[in-house]
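Per-entry structural report
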Amino acid sequence: MKKKKVAIIGTNGIPAQYGGFETLAEYLARFLNDEYDLYCYCAKTKEKKKLKEYLNTKLIYLPFRANGWESIIYDAISIINSLLKHDVLIVLGYTGFIGFPLKYIFRKKIILNIGGIEWQKVRAGKYTARIEILVKKWLEKFSIYMSDVIVTDNKFIYDYVINEYKKNPVLIEYGGDHAKYEPINDMVKNNYNFINNDYDLTISRAQEDMNIHILLETYKDLPERNLVVISNWQISDYGINLKNKFKNKYENIIILDSIYDLKTLNIIRSNCKLYIHSHSLCGTAPSLVEAMSLKIPILCFDVPTNRATTEEKSLYFHDVKSLTTILKNLSNEKLIKIKNDMYEIAKNRYTWNRISNLYKKCID
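Residues numbered from 1 in each chain as written. Predicted model: local features only at pLDDT ≥ 70, side-chain atom pairs only at ≥ 80, totals over all residues. Heavy atoms only, no water.

Let's talk about the overall build of the protein
When helices and strands are counted, the protein shows 14 helices and 14 strands. Against the globule reference of 21 Å for 364 residues, the protein gives a C-alpha radius of gyration of 21 Å, in line with a compact fold. For the protein, the spread of C-alpha atoms along the three principal axes comes to 65 × 50 × 40 Å. Residues classed as buried in the protein amount to 54% of the 364 residues present. At a minimum sequence separation of 6, the contacts of the protein that also span at least 24 residues come to 65%. Distance between charge centroids for the protein: 4 Å, based on 53 positive and 41 negative side chains. (Helix = DSSP H or I, 4+ residues; strand = E, 2+ residues; numbered from the N terminus. Rg over C-alpha atoms; globule rule 2.2 N^0.38 Å. Buried < 20%, exposed > 50% of the residue type's maximum accessible area, 1.4 Å probe, protein only. Contact = heavy atoms within 4.5 Å. Lys, Arg positive; Asp, Glu negative; His and termini not counted. Charge placed at Lys NZ, Arg CZ, Asp CG, Glu CD.)

Shown next as structure tokens:
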């Protein structure tokens, strides 16, 4: 029987080096390449770094970046090209909306993972921000109505699509079981002195909706607890200002730039006493389900998406006062219960085998 040709669209491409969508693309390639002819569209890449195939998936490179205004062109061309050549399109994000109507001509299936509720991430107030919100709302609506299958990665977003658009989406989260426990080695001991002591950890982008400021303001008054913060500080004024304010100012606060070596990152994550997930405008955050899979005690910023991901079994904060109260009252027994609960949820829900099987049902 002839295999279906399935295209993965909307990421920088694979091998994954960036965020959640790229990791999703890579693990779909790993788990689905036996049953389908897979193709993954890849953003502008230096010639010497281009691969013809990866994980038995053919890579198609376009001369555009996958971010900023170029992403609209990149995704649209990817979709149009794929409608001509492939049977099923898995589209991650909706910036390629221009190509969606052509599916009626070519009679191909579009599976759309909408990601988060993007218009909520726009900072309202300025006139241009209000316009951006309206545009993103329209794009969301248009893309959802144009797609054959709508995938949401969080129960809160699943309910939002039903209530807002009267559509029946499919709930498919992310896998986190690729994150593996790593024992401390000599290299990490030498490079990261904090690893020899108890420390709490948070990892996120330097954006206001990640609420890093709440954690830093809390820990500066809790000298008995150590906090390690890993972020790409230079991407925003928010990050630059926080780094300047807190780096080397408090003995218990360790500010680190992004760490891209997965083994080193997993050693730091695996051996923390507590992981704090401070994201407020994401769906099911890949970093959260990875931490859950590593069997780490977790605290979360109090939003419906984080409560849905952790099944209300974590502890939740929304400001300095609530986080301080939680940290001052944490017992070892409570930490053990949280980490066991998080791991059980991850083991049952956030595995790539389960996630890929759910996508398989959408494709077929």
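Now that the structure has been shown, the text picks up again.
Comments concerning the sheet that holds strand 10 (residues 227-231)
What the 6 strands build is an open sheet, ordered 11-10-9-12-13-14; its pairing is parallel. Both outer strands of the open sheet, strand 11 (253-257) and strand 14 (315-317), are each paired with one neighbouring strand and no more. With direction set aside, neighbouring strand axes in the sheet form an average angle of 25°. Summarising the sheet, strand 13 (residues 298-301) and strand 14 pair through 3 bridges and their orientation is parallel. Pairing of L299 across the sheet is with L315, part of strand 14. Across the face of the sheet, helix 9 (residues 262-270) comes into contact with strand 9 (200-203) and strand 10 while running at roughly 135° to strand 9. Sheet strands in contact with helix 12 (residues 320-328) are strand 12 (274-277), strand 13 and strand 14, and its direction is about 150° off that of strand 14. (Pairing = 2+ DSSP bridges. Axes fitted to C-alpha atoms, helices over the stretch in contact; angles between N-to-C directions.)

What about the sheet that holds strand 6 (residues 109-113)?
Adjacent strands of a sheet pair through backbone hydrogen bonds, lying either parallel or antiparallel. Taken in spatial order, the 8 strands line up as 3-4-2-1-5-6-7-8 in an open sheet, and their pairing is mixed. Either end of the sheet is taken by a strand with one partner, and the two such strands are strand 3 (53-54) and strand 8 (170-171). In this sheet, strand 5 (residues 88-92) lies alongside strand 1 (residues 5-9) in parallel orientation, the contact comprising 4 bridges. Among the inter-strand pairings, V6 is bridged to a residue of strand 5, identified as V88.

Here's the deal with helix 9
Judged by how many residues are buried, helix 9 sits mostly within the fold: 7 of 9 residues are covered. Every buried residue of helix 9 is listed here: T264, L265, N266, I267, I268, R269 and S270. Each element contacted by the buried residues of helix 9 is listed here: helix 6 (186-191), strand 9, strand 10 and helix 10 (286-293).

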